[in-house]
Each structure stands twice: as structure tokens, then as C-alpha cells.
Amino acid sequence: MELTKQYYTISEVAVIFQVNPSKIRYWETQFPHLSPKRAASGIRKYTPVDIEKIKVLVSLIQERGMTIEGAKQALNFQGKEKNPHQNIINQLTDIRDFLQGMKADLDLE
């Protein structure tokens, strides 16, 4: 799956993974690391990083048949195995994506 855009709508993401947008919104409430940026109008803006996070959830929940709680535990376990600085790297990546989105919004005005 080649992602060519900087931002995707929830409808586009739902089509990519063949799920209802409501399922993606529900996952956002269950997995705090999945929090797409929002335009001033409130529309969700998913980055390729967000889409990769959803890809992991689809793999755990739909392909492997895990429950939401099982997926949470699997993600927590994976986080402990990674580089101890991975959380900081993820936060900085999210900040960069947010700032790039703000710049893009300002360029449109």
C-alpha cells in the first residue's frame, strides 16, 4: 500500500482497510496512541504514520482475532521491547506532523 498524500480523511482510511468509519472512531477511544490531527473544521486528518498505526490494529484485531484488550496488551508488550527512547521519538514525530499540518493550513490561507 503506497501512501501518496500527506493527509487522508476518515472515509479514505475506512476504504483502505475495508472497515466502517465508526470502527476507526471507536478505536481512537480505545487506543490513545491513535489520535489523528484535526482541521479547524474538526475533520480528522490522518497521516501516513496514523495509517500505519491503524494497519497494526487491523492486523491484531481483524486478522489475528484479538480482542480490544488483547490488542492493548500486545501493543504494551511491543512498546517494552523497543528502543527505550521510542516513546520520545514517537512524540517528536507526532509534534513534527502536527507542525507540518499547521504550516500546510497556514499556506492555504
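Refer to the structure printed above.
Described in the following lines is the structure provided in the data block. Here the structure is a predicted model, which means the values were calculated and not measured. (Residues numbered from 1 in each chain as written. Predicted model: local features only at pLDDT ≥ 70, side-chain atom pairs only at ≥ 80, totals over all residues. Heavy atoms only, no water.)

## Topic: the overall build of the protein chain
For step 1, the next point in the chain: When its secondary structure is counted, the protein chain shows 5 helices and 2 strands.
For step 2, the next point in the chain: Walking the protein chain from its N terminus toward its C terminus, one meets helices and strands in the order α-α-β-β-α-α-α.
For step 3, the next point in the chain: Looking at the 109 residues of the protein chain, the share that counts as buried comes to 29%.
For step 4, the next point in the chain: In the protein chain, of all internal contacts separated by at least 6 residues, the share reaching a separation of at least 24 is 56%.
For step 5, the next point in the chain: Here the protein chain displays about 7400 Å² of accessible surface, and carbon together with sulfur accounts for 55% of that area. (Helix = DSSP H or I, 4+ residues; strand = E, 2+ residues; numbered from the N terminus. Buried < 20%, exposed > 50% of the residue type's maximum accessible area, 1.4 Å probe, protein only. Contact = heavy atoms within 4.5 Å. Areas by Shrake-Rupley, 256 points an atom, 1.4 Å probe, with all protein chains shown as cover.)

## Some thoughts on the nonpolar core
For step 1, the next point in the chain: The biggest cluster of nonpolar side chains holds 21 residues, and the ones touching the most others in it are Val13, Ile24, Trp27, Phe31, Tyr46 and Ile54.
For step 2, the next point in the chain: Elements supplying a minimum of two residues to this core: helix 1 (10–17), helix 2 (21–30), helix 3 (48–63) and helix 4 (68–81).
For step 3, the next point in the chain: Here this core gets 6 residues from one element, more than from any other, and that element is helix 3.
For step 4, the next point in the chain: Discounting chain neighbours no more than four positions away, the residues touching Trp27 are Leu34, Ile54, Leu57, Val58, Ile61, Gln62 and Ile68. (Core = buried A, V, L, I, M, F, W, Y, C linked by side-chain atoms within 4.5 Å.)

## A look at the pattern of salt bridges
Opposite charge on two side chains lets them pair, provided their charged atoms get close.
For step 1, the next point in the chain: Taken as a whole, this structure holds 6 salt bridges when the rule is applied.
For step 2, the next point in the chain: With its nearest N and O atoms 2.9 Å apart, the salt bridge here joins Arg44 to Glu28. Of the two residues, Arg44 is situated in strand 2 (residues 44–45) and Glu28 in helix 2; the sequence distance between them amounts to 16 residues. The pair Arg44 / Glu28 is uniform in exposure class, with both members buried. (Salt bridge = Lys/Arg side-chain N within 4 Å of Asp/Glu carboxyl O.)

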